[in-house]
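Descriptive analysis of the structure
Okay, here's what each chain looks like letter by letter:
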There are 2 protein chains.
Amino acid sequence: MDDLLARLRAGLPGEALITDPDVTASYAHDMASFCEAGTPAVVVLPRSVEQVQHVMRTATALRVPVVPQGARTGLSGAANASDGCIVLSLVKMDRILEINPVDRIAVVEPGVVNATLSRAVGEHGLFYPPDPSSWETCTIGGNIGTASGGLCCVKYGVTAEYVLGLDVVLADGRLLTTGRRTAKGVAGYDLTRLFVGSEGSLGIVVRAVLALRPQPPRQLVLAAEFNSAAAACDAICRIMESGHTPSLLELMDRTTVRAVNTMANMGLPDTTEALLLAAFDTPDPGADLTAVGLLCEAAGATGVVPAEDTAESELLLHARRLALPALEAVKGTTMIDDVCVPRSRLGDLLEGIERIGEKYALTIGVCAHAGDGNTHPTVCFDAADPDESRRARESFDEIMALGLELGGTITGEHGVGVLKKDWLARELGPVGLELQRGIKRTFDPLGLLNPGKLF
Amino acid sequence: MDDLLARLRAGLPGEALITDPDVTASYAHDMASFCEAGTPAVVVLPRSVEQVQHVMRTATALRVPVVPQGARTGLSGAANASDGCIVLSLVKMDRILEINPVDRIAVVEPGVVNATLSRAVGEHGLFYPPDPSSWETCTIGGNIGTASGGLCCVKYGVTAEYVLGLDVVLADGRLLTTGRRTAKGVAGYDLTRLFVGSEGSLGIVVRAVLALRPQPPRQLVLAAEFNSAAAACDAICRIMESGHTPSLLELMDRTTVRAVNTMANMGLPDTTEALLLAAFDTPDPGADLTAVGLLCEAAGATGVVPAEDTAESELLLHARRLALPALEAVKGTTMIDDVCVPRSRLGDLLEGIERIGEKYALTIGVCAHAGDGNTHPTVCFDAADPDESRRARESFDEIMALGLELGGTITGEHGVGVLKKDWLARELGPVGLELQRGIKRTFDPLGLLNPGKLF
């Protein structure tokens with residue numbers, strides 16, 4: 001331990017090293033519930049690529065595990081410390097190095113906050129689409145590590161679609177450059193994409209070339225009420241089947257709507273069984289909303305209310321963003337799932353989740369990036385009640401099993417981390433798992449990078 | 001050899017095996033010039049996953065190399081046979097297994113021809129964007145192997161963006177399923193993307209889940225003439241910087257325009273130094289073309305002609321598609337390069353290519369997916385003239401060096417194959433190359449899959 005600190009100090013300024021146990025403890029875990037977290041030996045906050053290289057060389061020399069961290073807003077425990085590890089926080093590497101409107105790229109360090117980048121490129125008329133709920137605090141490095149999604153994925157895709165190239169410090173401290181600054185490129189295997197979503201288990205991202213788009217017009221939102229979740233899912237299928245490309249297509253079930261009203265008195269329709277939000281950022285969003293409103297009515301919507309302007313639209317989106325905190329307030333603790341199914345099976349999933357809630361006598365609210373088939377069934381429970389906690393965990397597992405049965409995945413956008421590593425093997429199967437482990441060994445033969453995550 | 005054939009026969013119907021040397025010779029190479037090609041021991045044409053597994057088990061048992069092939073329309077020699085190999089042609093596995101308009105996916109076998117799929121999904125109001133020039137004959141499996149691009153990439157991206165999941169037969173005959181049928185998913189490392197562009201060196205793709213989009217409106221094309229390539233490149237930068245999203249943005253230089261006129265008497269403006277084609281498939285393409293026309297004029301266009309209708313638009317696209325055959329007719333043989341640079345450097349690249357053509361006293365025509373910065377400098381030469389052939393090869397290499405110097409890549413969409421494998425190391429650097437080789441060993445420890453390609 002003394003040796004570790006002395007070696008780290010040799011290549012890091014004093015303020016980049018935290019050893020006070022009260023402070024290091026605050027770096028122990030991300031925002032996932034129910035995930036083990038150990039006690040770090042030290043937290044380092046490098047400000048340069050060279051400093052990260054020094055940390056990794058030291059870790060390799062002394063065989064000390066390293067847990068990379070961004071803002072720790074993750075929901076699967078992928079950033080949780082392990083005992084005796086070096087926590088490598090990238091939040092001080094937070095410079096936007098370049099914004100290029102002709103090439104439509106930005107070059108950034110990993111600690112740049114998502115919202116900071118979004119606003120900076122916005123000033124050039126550009127758009128960085130990935131918008132996880134935590135966008136005001138989460139970092140681009142964390143977004144890359146977990147391949148984050150968000151509300152706009154149904155039109156614009158996830159983080160993976162926007163990462164063109166990376167600089168990565170490998171476990172042994174060497175620097176790898178992957179990918180490109182160009183719009184296209186097929187020189188060799190796609191290592192860039194391999195790092196996206198790898199949860200810090202293959203290397204430390206220290207620089208990223210990101211693709212940007214032109215800023216679209218402000219979106220206009222429509223709210224549609226349904227007297228059953230099945231009818232709302234039918235509307236979603238009709239919308240997508242008809243060739244519409246909404247910029248957002250979100251679902252909140254009755255439990256979620258009521259929780260949001262309780263928390264924020266938003267005036268959402270308390271009696272509705274399912275509330276659908278659809279948005280368009282097209283040149284004529286009003287016309288698109290009218291067409292989608294008719295499809296909702298054909299599917300049995302009991303009320304269709306298009307927003308009059310962007311202010312009203314923002315209010316509806318604000319209500320949607322409150323869903324998770326509002327559900328957390330129901331019983332004090334939540335387990336947030338992230339099952340994604342083909343959107344044609346969304347109705348079956350929601351029906352199954354309701355059945356599972358009844359079976360375990362639990363409140364499970366569902367908000368969903370419905371256009372993607374990506375749901376966040378959120379189990380509300382009292383963590384002080386052991387039996388309720390056990391039932392919460394069992395219902396959570398049963399929801400994942402159902403997702404796989406319906407042709408889906410255990411995680412649409414939150415990642416595996418600690419929370420779902422037992423389930424990863426089930427989704428991938430033995431052949432897939434063996435190859436994934438082989439890739440891990442190729443990049444990190446000593447197994448020092450974020451051990452105990454993913455597998 | 002007898003053992004190989006006997007073992008193959010045990011698991012394949014008679015018609016799936018070709019041993020006649022006159023016929024097997026016709027499977028020796030793809031459409032790249034200047035690439036070595038060996039003599040295959042046998043060509044197999046399986047019709048099922050099980051038959052592919054049988055071939056790979058046999059190859060592994062006898063340590064025989066396997067070269068997978070689609071329609072052999074590739075331009076880098078990636079499908080070229082090696083001596084004594086099994087050529088594994090996937091063209092008989094050509095069924096479209098599913099088209100699902102709600103989930104916006106298609107499930108296909110690898111031998112489906114790109115145009116066949118495009119038309120089939122079109123009947124459901126859907127769109128499979130990747131459109132390489134060879135789209136009427138090339139296969140989806142080949143497109144996946146080379147991560148093919150095409151004309152519409154500037155708006156819709158390349159093949160990689162449309163592959164959600166794969167079934168892959170590994171070198172030892174085991175079946176691996178990667179990815180998903182869902183819009184999103186982050187369960188483990190992205191093996192799907194690793195296979196895209198891997199040129200058959202990691203496994204045999206036997207089934208693919210492809211993402212589809214709604215069919216956009218028919219595109220309308222504008223032609224703009226410039227009296228210098230630099231002015232045309234300036235127009236491209238202005239168009240992209242202004243936030244436009246053309247569905248196509250193509251450049252043909254003077255040499256290319258004249259070659260097309262000579263071949264097909266298309267009536268293109270013979271005196272122009274550079275012809276730019278821009279298209280929009282938006283709800284109001286006329287308005288977009290007007291805006292882009294003004295930007296072209298601001299950049300010095302000497303003539304701007306928007307097509308009146310889709311028929312005129314098709315004629316312009318037809319002229320663009322004739323570019324490569326027309327350049328081939330100039331001197332009998334061509335070497336087609338595929339350098340991609342950041343679009344802000346396109347002018348520097350074109351200027352450099354002109355200089356290189358003068359230095360080597362060669363005709364080098366350039367057509368380019370200019371919106372992507374992806375150029376196809378095409379060296380015209382007489383293959384019977386050894387000195388000219390040497391100069392062609394040297395100029396080809398010099399163009400790639402220039403591309404790298406400008407922050408670009410040696411291959412935007414054609415792949416590495418045999419043609420550019422010496423250059424891959426230069427682009428990737430030693431650390432990148434070592435990791436790529438490590439991945440190859442993880443998937444194919446005996447080195448049986450498409451040996452001698454990529455590295």
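This one's a predicted model, so the numbers in the text were calculated from it and none came from an experiment. (Residues numbered from 1 in each chain as written. Chains lettered and ligands numbered in written order. Predicted model: local features only at pLDDT ≥ 70, side-chain atom pairs only at ≥ 80, totals over all residues. Heavy atoms only, no water.)

**Here we look at the interface of chain B and chain A**
Contact residues are listed per partner, giving 71 residues for chain B and 71 residues for chain A. Summing the contributions of chain B and of chain A, the shared interface buries around 5,700 Å²; its carbon and sulfur component is 61%. Area buried by chain B at its contact with chain A is led by K184(B), V186(B) and Y189(B), which between them contribute 17% of it. Run the count over chain B and chain A and you get 8 salt bridges. Between R193(B) and D190(A) there is a salt bridge, with its nearest N and O atoms 3.1 Å apart. Here chain B is connected to chain A by 27 residue pairs in polar contact (both at pLDDT 80 or more). Secondary structure elements with two or more residues in the side of chain B that touches chain A: strand 9 (175-179), helix 7 (191-195), helix 8 (229-241) and helix 15 (421-443) of chain B. The biggest single contributor to the side of chain B that touches chain A is helix 15 of chain B, with 13 residues. When grouped by side-chain class, the residues that make up the side of chain B that touches chain A number 32 nonpolar, 25 polar and 14 charged. (Contact = heavy atoms within 4.5 Å. Buried area = accessible area lost by both parts, 1.4 Å probe. Salt bridge = Lys/Arg side-chain N within 4 Å of Asp/Glu carboxyl O. Polar contact = N/O pair within 3.5 Å; in protein donor to acceptor, adjacent residues only side chain to side chain. Helix = DSSP H or I, 4+ residues; strand = E, 2+ residues; numbered from the N terminus. Nonpolar A, V, L, I, M, F, W, Y, C, P; charged D, E, K, R; others polar.)

**Description of the environment of V305(B)**
All names here are of chain B. Tracing the backbone through its elements, the reader meets V305 in strand 15 (residues 303-306). The exposure class assigned to V305 is partly exposed, which follows from its relative accessible area of 46%. Each C-alpha atom of the pair V305 and V42 lies 53 Å from the other, and the pair is 263 residues apart in sequence. Discounting residues that sit within four places of it in the chain, V305 has contacts with V221, L222 and A223. (Buried < 20%, exposed > 50% of the residue type's maximum accessible area, 1.4 Å probe, protein only.)

**As for the domain arrangement of chain A**
Residues and elements named next belong to chain A. Domain annotation for chain A reports domain 1 (96-214) and domain 2 (220-405). Taking only C-alpha atoms, the centre of domain 1 and the centre of domain 2 are 28 Å apart. Taken together, the contacts link 8 residues of domain 1 with 14 residues of domain 2. Carbon and sulfur atoms supply 58% of the area that domain 1 and domain 2 bury against each other, a total of about 930 Å² over both sides. The largest per-residue losses of area from domain 1 upon contact with domain 2 belong to L151, V154 and K155, which jointly make up 68% of the total buried on that side. Applying the counting criterion to the domain 1 and domain 2 interface returns 1 salt bridge. (Domains from an automatic or database assignment.)

**Structural notes on the sheet that holds strand 10 (residues 204-211) of chain B**
Residues and elements named next belong to chain B. With antiparallel pairing, 5 strands are arranged side by side in an open sheet as 5-6-10-8-9. One side of each edge strand has no neighbouring strand; the edge strands of this open sheet are strand 5 (96-100) and strand 9. Adjacent strand axes in the sheet meet at a mean angle of 10° when their direction is disregarded. When strand 8 (residues 163-169) meets strand 9, the two strands line up antiparallel, connected through 5 bridges. By the bridge assignment for strand 9, D167 is matched with T177. Helix 4 (residues 114-122) contacts strand 5, strand 6 (105-108) and strand 10 of the sheet and is inclined by roughly 35° relative to strand 5. (Pairing = 2+ DSSP bridges. Axes fitted to C-alpha atoms, helices over the stretch in contact; angles between N-to-C directions.)

**Quick word on the packing of aromatic side chains**
All names here are of chain B. Counting across every chain of the model gives 8 aromatic pairs over all chains. Here F195 and F443 contribute two aromatic rings whose centre-to-centre distance is 5.4 Å and whose plane-to-plane angle is 85°, an arrangement assigned as edge-to-face. Here F443 lies in helix 15 and F195 lies in helix 7, a separation of 248 residues in the sequence. Assessed through its relative accessible area of 1%, F195 is described here as buried. Residue F443 is classed as buried on the basis of its relative accessible area, which comes to 4%. (Phe/Tyr/Trp six-rings, centres within 6.5 Å; stacked < 30°, edge-to-face > 60°.)

**Topic: the packing of helix 1 (residues 2-9) of chain A against helix 3 (residues 49-62) of chain A**
Residue and element names in this part refer to chain A. Put simply, helix 1 and helix 3 touch, their axes get as near as 9 Å, and they point 150° apart. Between helix 1 and helix 3, the interaxial angle falls into the category roughly antiparallel. Taken as a pair, helix 1 and helix 3 cross one another with a handedness that is right-handed. Along the contact surface, helix 1 presents D3, L4, R7 and L8, while helix 3 presents H54, V55, T58, A61 and L62. By residue class, the composition of the contact of helix 1 with helix 3 is 5 nonpolar, 2 polar and 2 charged. (Parallel < 35°, antiparallel > 145°, perpendicular 65-115°, else oblique. Left-handed = near helix turned anticlockwise from the far one by under 90°.)

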